[in-house]
Amino acid sequence: MFKAENSNPNHSLTGSSWAHLHETEDKPQKTVNMAGAEAIIQCLIAEGVDIMFGYPGGAIMPTYDVIHQYQKEIKHILVRHEQGAVHAAQGYARVTGKVGVCIATSGPGATNLITGIADAQIDSTPLVCITGQVHKDLLGTDAFQETDIIDISMPVTKWNYKVTEAREIPRVLAKAFFIAQSGRPGPVLVDITKNAQMDYLDFVYKKCKHLNSYVPEPTPTLQSIKDAASLINNARKPLVVFGQGVILGNAEKEFKAFLEKSGIPAAATIMGISAIDNQHDNYVGMLGMHGNYAPNLLTNQCDVLIAIGMRFDDRVTGTLDTYAQQAKIIHLEIDPSEINKNVKVDIAVIGNIKHSLPQITNRISQQQHPKWRQQFNELKHEEHEKVIKQDLKPDKDDISMPEVISLVNELTNSRAIVVTDVGQHQMAACRYSQFKQTRSFITSGGLGTMGFCLPAAIGAKLGQADKTVVGIVGDGGVQMNIQELGTIMQSQIDVKIIILNNQYLGMVRQWQELYFDKRYASTEMINPNYQKLAEAYGISSVKVTHRNELKTALQKMFAHNSAYILEVMVGQENNVFPMISPGSSVSDMRLS
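In this report, we go over the structure that sits alongside the text. (Residues numbered from 1 in each chain as written. Predicted model: local features only at pLDDT ≥ 70, side-chain atom pairs only at ≥ 80, totals over all residues. Heavy atoms only, no water.)

Points about unusual backbone geometry
Right, so step 1: Of note, the amide linkage connecting Phe-577 to Pro-578 takes the cis form, showing an omega dihedral of 0 degrees.
Right, so step 2: Summarising the element assignment, Pro-578 is placed in the segment after β20 (564-569).
Right, so step 3: Its identity is not glycine, yet Ser-213 carries a phi of approximately 75 degrees, on the positive side.
Right, so step 4: You will see that Ser-274, though not glycine, has its phi angle at about 90 degrees, which is positive.
Right, so step 5: Ser-274 sits in the buried class, given a relative accessible area of 4%. (Helix = DSSP H or I, 4+ residues; strand = E, 2+ residues; numbered from the N terminus. Buried < 20%, exposed > 50% of the residue type's maximum accessible area, 1.4 Å probe, protein only.)

Right, here's the structure in full:
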């Protein structure tokens, strides 16, 4: 029987009773006697893991002793804090599509992973997190560095399990990898007691390919496919809203084919950015609180809304009672629990969109919707005149965040992987970055975790070593995991970090300006000397304070063959517009 298992019906496992799931596999033919710690590493090798992020400690020390012996097979990146390990694993997973792996010790080591695990859960990032635990005979005694990480992590993992016997390790880790990456991906945590790492087992590894009662990819009904196609064919003002499901399903080609045949304008959620080239004729920008004007306003004018691989987050919908009330809604989604969770839909097409979307494409007629798309063009022009023009060429001396992002596009030919933290700079990067390739935009979407950027950029660079990786971070967020500069130094990771420094917690300050009568309570930042910090970690750095220095500094950064920190002083009280005020409708988006 499985022990201490987690059932989370809101994340891909709807209808499953995890206490009764069993693998269906052939019996092993050959075994090798080894310690549990070595079995852990052999399992990772069998799953194709080539890199892991972690921090050692007492309860996981037997496994680290084995990691030391397998340095050629698996590269271990020593982070400076366990939160850095899990965010780095996220960055790696997001750019590669593989499972990210992190490892930590018991107690505070394990609890330090929780924020990143929660971030991965809400953003559907496949992770396997391995934690050490005290000896099984000490469980429940409040032993040194004992924490019940299973109960703590249960709400924020797709599945978790406590291993107390060495013989359990291969079966549980095989199951962990299968669950993490199948269906709607997510984080899995495996807690392994010290005795299980030190005791011996007859080892054999068999990948898990199936679990009874768990259907990771439901099959859509033919009727739902036909109904969706019929509704699309008869629509006069259809709108596609798409999210990360396009990327997670590896359905970028299928999505592009659908758009080009249907002629429907398409808007991205923050997590859907880079699923399609920003210059594609059908792409009309980003949805949400700080998204683009046209797709937000016209959401409440479309007659058919096709939601593809997105979950109707509140930052996208605004007030639900005013959201797309006039429209028939089609929802293509792999996770049945997302259907009707926030927005009631007319047609649900449940399944992997890589398979379901082409079936719809085959049944729709070729269309262009020129009059409808002209409405998007008119609103786009209005946003450009009232917002974008001023953002990119301010009439004041202060450098703007969009100016910096625009130059990054120019100097990288829009082919860099952009990783952001959370705040005003994040919204500027969402709005002004240009992408030609999928899996190029990495951010903390659902949880909004400050401190995400620096370690996630490390993971992204290690996952795509041949790509330029640019971390866009604010002066507040960078300090939350600034210790990971030590990881960059030790592992010699060539990431380019741009600190957009406005000497405030910018997004909070913007809300205080707009909604709290400019009472800037605890948002002004007195920052360290970032150049001296960079120097201390052996990283090259430059500070830019004037516009005429900016392009040259960026060129120098991109020409540099190792890690680089560019601090850009931007306007202290610049705001991000357009904006939907809290509690407002998407139709009430303000341009200033």
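Having seen the model, we can carry on.
Topic: the nonpolar core
Right, so step 1: Of all hydrophobic cores here, the largest spans 96 residues; its most connected members are Phe-242 and Ile-308.
Right, so step 2: In terms of nonpolar packing, the next biggest core, distinct from the first, is built from 43 residues, Ile-40, Tyr-70, Tyr-161 and Phe-177 among them. (Core = buried A, V, L, I, M, F, W, Y, C linked by side-chain atoms within 4.5 Å.)

Some points on the layout of surface pockets
The method is simple in principle: a probe with the dimensions of a water molecule rolls over the atoms, and the space it marks as empty is what remains.
Right, so step 1: Its boundaries defined by the atoms lining it, the second largest pocket holds a volume of some 690 Å³.
Right, so step 2: Lining the second largest pocket are 26 residues, with Asn-278, Tyr-283, Asn-292, Lys-380 and Gln-434 positioned closest to its centre.
Right, so step 3: Going through the elements one at a time, β11 (283-286), α12 (293-299), α15 (370-392), α16 (401-412) and α17 (424-432) are the ones with two or more residues in the lining of the second largest pocket.
Right, so step 4: Considering only residue class, the lining of the second largest pocket consists of 10 nonpolar, 11 polar and five charged. (1 Å grid on protein atoms, 1.4 Å probe; cavity = no way out; pocket = protein on both sides within 12 Å on 5 of 7 lines; lining within 4 Å. Points joined across faces, edges and corners; volume = space filled by probe spheres on them. Nonpolar A, V, L, I, M, F, W, Y, C, P; charged D, E, K, R; others polar.)

Observations regarding the sheet that holds strand β14 (residues 347-350)
Right, so step 1: Taken in spatial order, the six strands make up an open sheet running β11-β10-β9-β12-β13-β14, and their pairing is parallel. The sheet is open, and its two edges are formed by β11 and β14, each paired on a single side. Within the sheet, the average angular offset between the axes of one strand and its neighbour, ignoring direction, is 20 degrees.
Right, so step 2: Pairing of strand β10 (residues 266-268) with β11, which is carried by two bridges, proceeds in the parallel orientation. Each residue of the ladder has a partner; that of Ala-266, found in β11, is Tyr-283. (Pairing = 2+ DSSP bridges. Axes fitted to C-alpha atoms, helices over the stretch in contact; angles between N-to-C directions.)

So yeah, pure geometry; function would need other evidence.
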